[in-house]
Amino acid sequence: MSGLQDALDGLFARYAMAIDDDRLEDWLGLFAEDCRYRIASRENVEAGLPVSVVYADGRAMLADRVSALRRANIYEAQRYRHVIGRALVEAGPPAAARAGYHVARIMREGDLMLFSTGEYRAAFDEALRIREMTVVYDNARIDTLLALPL
Amino acid sequence: MQDLSRLPAWPGPGLTRVPFEVYRDPALYKAEQERLFRGPAWHFLCMEAELPEPASWRTTFVGETPVIVSRDRHGRLHAFENRCAHRGALICLGEGGRGRRIQCVYHAWNYDLEGNLRGVAFEGGIDGAGGMPAGFDKARHGPRKLRAAACCGLVFGTFSPDAPGLEDWLGPEISTRLARVLGKPVRLLGRHRQMLPNNWKLYVENVKDSYHASLLHSFFATFRLNRLTQEGGVEVDDSGGHHASWSRMRTDRPNEDYEKGGLRAWKEGYALADPRLIRGRDEFGDGVSLQILTVFPTFVSQQVQNALAVRHVVPKGVDRTELLWTCYGFEDDDPELAEQRLLQANLVGPAGFISMEDGAVGGFVQRGAAGAAGLAGVVEMGGAGAESQRGRATETSVRGFWKAWRAVMGL
């Protein structure tokens, strides 16, 4: 079990650093081809309401999200800093796990805020690629906009 | 009534210059709460689908004022301030509830679903000591009530006895446009809540501004979902305050002005890896792929292909606004359409491919307007009036907003 624990902690760390380093293309590489990824509020998830703020059915849609951020969408320069807690391994292999996160957002002009807290609920394939992930964010209100993935 | 004489005078009789102070002046913000939000206008409270059961209630806001909207056990709608008549605490914390009485947690005063004070804890004292004076009349104490009414599954309320009926307030064109998208039983899909770093009017102007859509929102234009060359138009009602802008899909044609403009939005060869996202269904049967509608002052109805939502703009201070999105489909959606709505929800909301910029752009104006007392913005695309127009390279409905705002504010 400790091997899987280490592997999942390492995977969440790579997930976080890829976003925080602005290596979103590397972040895409953590997902399986037929993955499902969504970012949804705790409020909606707990009420059984299906809408998400970001929903990708397949890695191609996630790739479209990244290319839109690179080429189409306009947003002020910003970075995230993730802190992800130790993964709670719930099954595996194939693995399923939860992990809590804090994300601080740092704007170009230097303002820093605690932008989001929440948890990852993830399931992985045999190769430990993300097959399914729901990012459940606790903060019902999103400040200004959500551009980068959480 | 506050003295507004120290506010800067509106520059001239027209609607083409908007003083930047209207977004920043605290006295004006307070005056809006009184004259507009507690004045003779109807304000969105919730969807009927959010209040489906008899003997239930929800919390909402009219301007800054906390409000409870309720459905009594006979199914009738009511609305009243969410403020205990005793010490002013919120009567209802949270989203809402159900039952025949709503009880304030502080001293357990309770109210029926029409907002009448029904119970005062220990009204007769304890063992003959304390209690309220004998002459205390519960009927004379209670939160202020609103008139509540529904149209097209949308519940509105007004504090004003002088406001016309809701149907007259909306008018026939806007009612027809609302009924176009809200014609059958609704299924709620969820909510988004977004905090905007700007005055509430900047968001409402942005929604009414069809001119910016293909310029700021590059995603939309890139995939030819919304080019100004598409067939479309802007309808503005006689008051100016309500509008509906629309465009029809697959009527796109080459337009030299557009191409020559060298717009940032126009990026040839950019294709989606998975185009399922933008494959809409013509569910209303009229080819209209986009309809954005506002009801003055703070309600928005949105159809972006099959992504349907209502948005409620809630002022939280002169430079802070909460935007509440309620996404919906219909009870008779087939599984394919239900999934399509969830995919197209990516287009809108706080992370929307075509709406995320709107969350920030009001803040750009709010910041830009610092130190701009005495200066004014220019709103002159499409002329100086606020009439309905073909095409969408116009700011006619933005001028309409100011026409209605000036009338109700007396400025």
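Refer to the structure presented above.
Residues numbered from 1 in each chain as written. Chains lettered and ligands numbered in written order. Predicted model: local features only at pLDDT ≥ 70, side-chain atom pairs only at ≥ 80, totals over all residues. Heavy atoms only, no water.

This part is about the pairing of strand β12 (residues 186-196) of chain B. For β12(B), a buried count of ten out of eleven residues is recorded, marking the element as mostly surrounded by other parts of the structure. Where strand β8 (residues 141-143) of chain A and β12(B) come together, three bridges link them in parallel fashion. From the neighbouring strand, A:Arg141 faces β12(B), where its bridge partner is B:Arg193. (Buried < 20%, exposed > 50% of the residue type's maximum accessible area, 1.4 Å probe, protein only. Helix = DSSP H or I, 4+ residues; strand = E, 2+ residues; numbered from the N terminus. Pairing = 2+ DSSP bridges.)

Across the boundary between the two partners, chain B contributes 41 residues, which contact 34 residues of chain A. The junction of chain B with chain A conceals about 3,400 Å² of combined surface from both sides, 54% of it contributed by carbon and sulfur atoms. At the junction of chain B and chain A, the tally comes to five salt bridges. On the surface where chain B and chain A come into contact, there are 20 residue pairs in polar contact (both at pLDDT 80 or more). Mapped onto the side of chain B that touches chain A, the elements with two or more residues apiece are β12, α5 (218-222), β18 (321-330), α7 (335-344) and α8 (356-368) of chain B. Counting residues per element, the side of chain B that touches chain A draws most heavily on β12(B), which supplies nine residues. Partitioning the side of chain B that touches chain A into residue classes produces 21 nonpolar, seven polar and 13 charged. (Contact = heavy atoms within 4.5 Å. Buried area = accessible area lost by both parts, 1.4 Å probe. Salt bridge = Lys/Arg side-chain N within 4 Å of Asp/Glu carboxyl O. Polar contact = N/O pair within 3.5 Å; in protein donor to acceptor, adjacent residues only side chain to side chain. Nonpolar A, V, L, I, M, F, W, Y, C, P; charged D, E, K, R; others polar.)

With respect to the helices, strands and loops of the structure, A:Ala147 is situated in the segment after β8. Counting along the chain gives 44 residues from A:Ala147 to A:Val103, while the straight-line C-alpha distance between them is 13 Å. In this structure, A:Ala147 is in contact with A:Leu69, A:Tyr75, A:Tyr80 and B:Met356, ignoring residues within four places of it in sequence.

These values are about where atoms sit, not about what they do.
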